[in-house]
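In case you want the letters, here they are:
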There are 2 protein chains.
Amino acid sequence: MLKKSVLMPFKTGSHNHDQCIDLALAEAESACRRQGLRFTRLRRRVLELVWSRHIPMKAYDILDELRRDGRGAAPPTVYRALDFLLDAGLVHRIESLNAYVGCGGPGKPHIGQFLICRQCNAVAEIDAPAIAQALTQDAKGLGFRADTQTVEIKGLCSECSVSA
Amino acid sequence: MLKKSVLMPFKTGSHNHDQCIDLALAEAESACRRQGLRFTRLRRRVLELVWSRHIPMKAYDILDELRRDGRGAAPPTVYRALDFLLDAGLVHRIESLNAYVGCGGPGKPHIGQFLICRQCNAVAEIDAPAIAQALTQDAKGLGFRADTQTVEIKGLCSECSVSA
DNA sequence: CACTATACTGTTATAATATAACGTCCTGGG
DNA sequence: CCCAGGACGTTATATTATAACAGTATAGTG
Ligand SMILES: [Zn+2]
Ligand SMILES: [Zn+2]
Ligand SMILES: [Zn+2]
Ligand SMILES: [Zn+2]
């Protein structure tokens, strides 16, 4: 029980993405109910926008979409919704891009690692507890008590490797 | 030869920090000479400011210091110098903080991992090739060709653990 | 049902981080 | 000396994020 798992593979090819979105929203719905969190209209919509493609979404792109919805929206609107979603474990922030992706395994406690394609921006999320533990352990060797990790790997996904 | 090494330990206690700075500048000087890069007055000064403490420095803090120097300085001045230093492998960018630290092992090729104390902001840089390789390998399992990694761990350094 | 406490959202303003574009100057090589 | 390229200065602007405060919806409570 220390094996790597793939929380969200690359989904660059064609697939029924509406299904991805519906599933993510349904999981979020039930996760929030379980935890007594309020999954409001706005939060649902922002999560839907984060999931609109399998690439990290920027806060201001989400903001533009909300405005297109006709909703009166300003930066705090989107940042607050994102903060909620982050706290609820429904999205992750990609630090190296200032952008946000839907979590591939909400509910399952995990420390995600992200693979990000430079070419097409697709993102995959994996859970490699062995690596997370090794990092925590190495840190401990320096007297450091780790509590969060940011692991982001950039490169080329298989599709883009072929065409490169 | 896959052992973890510490490129820059936590240096929170008192130590002769002028020595740290002098060493870093001397190493940079020779690294640039070796690679035929121009280690100009400005670049040297910015590197000196990055090294002014063992905590990540923000671009605009560096800018303020340059202005205090009397030098006419604007954001591009500092960002260009930082870009040079990053390319030359003399500093690293901490993505999760939008800040910059001096590299603990310039010259030695390495993929750094960073430990960042939430309390005192001190940073340590380690080189754990086993972890870097494990990540690259896991990525390969998904058909992903990794070329860069961002690994940043937040927590409490030993000193701050005690007082917490 | 009204009352209230709290969380959620709207709104305005501003802070913090980063880059574009263009002109000048310096420096090294011919 | 002259030139080409790189380094730097300068102005403007883009991008990302938060502060502060006002209004609104919601879930309990009596
Ligand atoms: Zn999909
Ligand atoms: Zn996740
Ligand atoms: Zn020092
Ligand atoms: Zn380094």
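This is a predicted model, so every value here is computed, not measured.

Residue and element names in this part refer to chain A. Protein coordination of the zinc ion (ligand 1) is provided by H15 (NE2), H17 (ND1), C20 (SG) and H54 (NE2), with donor distances spanning 1.8 to 2.4 Å. Taken together, the four donor atoms surrounding the zinc ion (ligand 1) define angles of 100 to 118° at the centre, an arrangement classified as tetrahedral. All donor residues of the zinc ion (ligand 1) come from one chain, and their arrangement in sequence is H-x1-H-x2-C-x33-H. Placement of the pair is H17 and C20 together in helix α1 (residues 17-35), with a separation of three residues, close to one helical turn.

Before going further, it helps to examine the protein's contact with DNA strand C. The environment of DNA strand C is made up of 20 residues, and the closest members are T40(A), R80(A), K58(B), Y60(B) and R93(B). Counting only atoms of DNA strand C within 4 Å of the protein, the fraction found in sugar and phosphate groups is 50%. Between DNA strand C and R43(A), the relevant distance is 3.0 Å, taken from a sugar or linking oxygen to a side-chain nitrogen or oxygen of the residue. In the model, a phosphate oxygen of DNA strand C is placed 3.0 Å from a nitrogen or oxygen of the Y79(B) side chain. For the surface near DNA strand C, the elements supplying multiple residues, two or more each, are α2 (41-50) and α4 (75-87) of chain A together with α4 (75-87) of chain B.

Core analysis: the largest hydrophobic core is formed by 30 residues, its most contacted members being F144(A) and F144(B). When residues of this core are traced back to their parent elements, those giving at least two are β4 (113-117), α5 (129-141) and β6 (145-156) of chain A together with β4 (113-117), α5 (129-140) and β6 (145-156) of chain B. Contacts of F144(A), omitting those with residues within four sequence positions, involve A139(A), F10(B), L115(B), I116(B), C117(B), I153(B), K154(B), G155(B), L156(B) and C157(B).

Each copy superposes on the other: chain B lies on chain A with an RMSD of 0.0 Å after a rotation of 180° and an axial shift of 0.0 Å. Read as a symmetry element, the transformation amounts to a two-fold axis. For chain B, the smallest separation between a C-alpha atom and the rotation axis is recorded for V151(B), amounting to 2.3 Å. Looking at the interface residues of chain B, 100% of them are also at the interface in chain A, so both copies use one shared face.

To continue, consider the interface of chain B and chain A. Facing the 35 residues of chain B at the interface are 36 residues of chain A. Regarding the contact of chain B and chain A, the summed buried area is about 3,000 Å², with carbon and sulfur atoms giving 62% of it. Summed over the shared surface of chain B and chain A, the result is two salt bridges. D147(A) is the partner of R118(B) in a salt bridge, and the nearest nitrogen-oxygen pair spans 2.9 Å. The tally of links from chain B across to chain A stands at 14 residue pairs in polar contact (both at pLDDT 80 or more). Contributing elements (two or more residues each) for the side of chain B that touches chain A: β4, α5, β6 and α6 (158-163) of chain B. The greatest single-element share of the side of chain B that touches chain A, amounting to twelve residues, is contributed by β6(B).

Reading the values: the criteria
Residues numbered from 1 in each chain as written. Chains lettered and ligands numbered in written order. Predicted model: local features only at pLDDT ≥ 70, side-chain atom pairs only at ≥ 80, totals over all residues. Heavy atoms only, no water. Donors = N, O, S within 2.8 Å, 3.2 Å for Na, K, Ca; no water. Tetrahedral: all angles 85-135°; square planar, octahedral: opposite > 155°, others 65-115°. Helix = DSSP H or I, 4+ residues; strand = E, 2+ residues; numbered from the N terminus. Near = heavy atom within 4 Å. Polar contact = N/O pair within 3.5 Å; in protein donor to acceptor, adjacent residues only side chain to side chain. Core = buried A, V, L, I, M, F, W, Y, C linked by side-chain atoms within 4.5 Å. Buried < 20%, exposed > 50% of the residue type's maximum accessible area, 1.4 Å probe, protein only. Contact = heavy atoms within 4.5 Å. Least-squares fit on C-alpha atoms with pLDDT ≥ 70 in both. Buried area = accessible area lost by both parts, 1.4 Å probe. Salt bridge = Lys/Arg side-chain N within 4 Å of Asp/Glu carboxyl O.

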